[in-house]
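Remarks on the overall topology
Each chain, written out:
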Amino acid sequence: MRAASVSRGLAAAVRTVALLALSATPAFAAYGGVTTPAYQENVGTSFQVTGWAIDFGGSMIGTGVDQVDIYTCPTSCTGSNATFRGTATYGLPRPDIEIQYDSSRVLNSGFSFSLTLAPGTYQVQARAHSTFFGVWTTFTRTFNVTTTPPRIVIETPTSNGVV
């Protein structure tokens, strides 16, 4: 009786391990985001897309991300309407992210990409590639491109005032 019970338990454990191996999907995806432009911000026709991306997946070395691609969509992305714009410069210093995650390995997790678009409402996608799992994680931001220059008002000091 004892041998049969052990055999059934072992068989169940083997089935469980086999199911886990068959359905193994990465438990982690990259963390990050688009920093600029800000959500719903009005920008000129030429501007910078900036942000950061990290993946703490399977290693203790590096940021875990090796590439960030930039896409744009009119209004919002709905699957196939994204237009590839190029690969961002990745590896820029982000001391704020280093402090946030208390890890020097993520200092160089920033990205930047110069973009020129016609006036309208857009969504930008920054797609970060994980070096650990080979998967892409998408970060989005909606913003407006306008030809109206920003208005600056100086309230103080008053005209001919002393500072």
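Structure: above.
One structure accompanies this document, and this report is about it. From a predicted model like this one, the values you see are computed outputs, not experimental measurements. (Residues numbered from 1 in each chain as written. Predicted model: local features only at pLDDT ≥ 70, side-chain atom pairs only at ≥ 80, totals over all residues. Heavy atoms only, no water.)

**Observations concerning the overall build of the protein**
On a plain count of helices and strands, the protein comes out with two helices and nine strands. Ordered by position from the N terminus, the helices and strands of the protein form the series α-β-β-β-β-β-β-α-β-β-β. Expressed as a percentage of its 163 residues, the buried residues of the protein come to 33%. A separation threshold of at least 6 residues defines the contact pool for the protein, and within that pool the share at least 24 residues apart is 61%. (Helix = DSSP H or I, 4+ residues; strand = E, 2+ residues; numbered from the N terminus. Buried < 20%, exposed > 50% of the residue type's maximum accessible area, 1.4 Å probe, protein only. Contact = heavy atoms within 4.5 Å.)

**Topic: the pattern of salt bridges**
Within the structure shown, the criterion is met by one salt bridge. Here Arg 94 and Asp 96 are joined by a salt bridge, their closest N and O atoms 2.7 Å apart. Arg 94 sits in the buried class, given a relative accessible area of 14%. (Salt bridge = Lys/Arg side-chain N within 4 Å of Asp/Glu carboxyl O.)

**Describing the environment of Tyr 101**
Examined against the element boundaries, Tyr 101 turns out to sit in helix α2 (residues 95-101). Filtering out sequence-adjacent residues up to four positions away, Tyr 101 remains in contact with Tyr 31, Trp 52, Ile 54, Phe 56 and Val 106.

**Thoughts on unusual backbone geometry**
A cis amide bond links Thr 36 to the next residue, Pro 37, at an omega of 0°. With respect to the helices, strands and loops of the structure, Pro 37 is situated in the loop between β1 (31-36) and β2 (42-43). We note that Gln 40 has phi near 60°; this positive angle belongs to a residue other than glycine. Summarising the element assignment, Gln 40 is placed in the loop between β1 and β2. Relative accessible area serves as the criterion here: at 38%, Gln 40 is assigned to the partly exposed category. Look at Asp 102: it is not a glycine, yet its phi comes out positive at around 50°. One can find Asp 102 in the loop between α2 and β7 (110-116).

**Brief notes about the sheet that holds strand β3 (residues 46-54)**
Spatially, the four strands line up as an open sheet ordered β1-β3-β7-β6, and their pairing is antiparallel. Lying at the two open borders of the sheet, with one neighbouring strand each, are β1 and β6 (89-92). Averaged over all neighbouring strand pairs, the angle between strand axes comes to 25°, with direction disregarded. Relative to β7, β3 runs antiparallel, the two being bridged by seven bridges. From the neighbouring strand, Gln 48 faces β7, where its bridge partner is Ser 114. (Pairing = 2+ DSSP bridges. Axes fitted to C-alpha atoms, helices over the stretch in contact; angles between N-to-C directions.)

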